[in-house]
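What follows is the residue order along each chain.
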Amino acid sequence: MSDAIVTRPTRVFKMGAIRLADPAPNLPPIDAVKLYGKAYPHLANAVLGEPQLIGDELHFPIKTHEVKTKG
């Protein structure tokens with residue numbers, strides 16, 4: 001019987017072409033993204049899309065709500 005090694009994929013948050021490293025792997029993904037709120041205030045209302053496994057990384061697309069103004 002061999003010892004199995006279980007590894008978790010590294011989470012990566014994608015905001016367009018910007019890759020954000022996971023600041024807190026122990027938190028749920030959306031809570032980890034919100035830790036970037038000071039640098040990216042629009043992430044306060046962001047939602048995550050369906051994650052995609054790419055190699056040994058789990059990519060979460062970040063979807064932000066566009067603010068519409070009259071004009």
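Each remark here, short or long, concerns the structure printed above.
Residues numbered from 1 in each chain as written. Predicted model: local features only at pLDDT ≥ 70, side-chain atom pairs only at ≥ 80, totals over all residues. Heavy atoms only, no water.

A. Representation of the overall build of the protein chain in the model. Helix and strand content of the protein chain: one helix and five strands. Shown N-terminal to C-terminal, the secondary structure of the protein chain runs as helices and strands in the order β-β-α-β-β-β. Here the protein chain holds 71 residues, and 23% of them are scored as buried. Residue pairs at least 24 apart in sequence account for 31% of intrachain contacts in the protein chain once pairs closer than 6 positions are excluded. As displayed, the protein chain offers around 5600 Å² of accessible surface, 56% of which is attributable to carbon and sulfur atoms. (Helix = DSSP H or I, 4+ residues; strand = E, 2+ residues; numbered from the N terminus. Buried < 20%, exposed > 50% of the residue type's maximum accessible area, 1.4 Å probe, protein only. Contact = heavy atoms within 4.5 Å. Areas by Shrake-Rupley, 256 points an atom, 1.4 Å probe, with all protein chains shown as cover.)

B. Highlighting the side chain of Glu57. Note that Glu57 resides in strand β5 (residues 57-63). Setting aside residues no more than four positions away along its own chain, Glu57 makes contact with Pro9, Thr10, Val12, Arg19 and Gln52.

C. Here's a closer look at the nonpolar core. Counting residues in each nonpolar core, the largest one holds nine residues, listed as Phe13, Met15, Leu20, Ala32, Val33, Leu43, Ala46, Phe60 and Ile62. Listed by contribution, the elements that provide at least two residues to this core are β1 (10-15), α1 (29-34) and β5. For Leu43, the residues in contact, after removing those within four places along its chain, are Met15, Leu20, Val33, Lys34, Tyr36, Ile62 and Thr64. (Core = buried A, V, L, I, M, F, W, Y, C linked by side-chain atoms within 4.5 Å.)

D. Broad picture of the environment of Phe60. Looking at where Phe60 falls in the secondary structure, it is placed in strand β5. Accessibility expressed as a relative area gives 8% for Phe60, which makes it buried. Separated by 27 residues in the primary sequence, Phe60 and Val33 have C-alpha atoms spaced 9.8 Å apart.

E. How the structure looks around the pairing of β1. Strand direction decides the pairing type here: β1 and β5, joined by five bridges, are parallel. When the bridges of β5 are listed, Arg11 appears paired with Leu58. Between β1 and strand β2 (residues 18-21), which pair antiparallel one after the other, the connecting turn spans two residues, and Gly16 there sits at a positive phi close to 65°. (Pairing = 2+ DSSP bridges.)

F. The arrangement of the environment of Asp22 in detail. Examined against the element boundaries, Asp22 turns out to sit in the loop between β2 and α1. Sequence separation of Asp22 and Thr10 is twelve residues, and the distance between their C-alpha atoms is 7.8 Å. Not counting the four nearest positions on each side in its chain, Asp22 is found in contact with Arg11, Phe13 and Ala32. Side chain to side chain, Asp22 and Arg11 meet in a polar contact 2.5 Å long. (Polar contact = N/O pair within 3.5 Å; in protein donor to acceptor, adjacent residues only side chain to side chain.)

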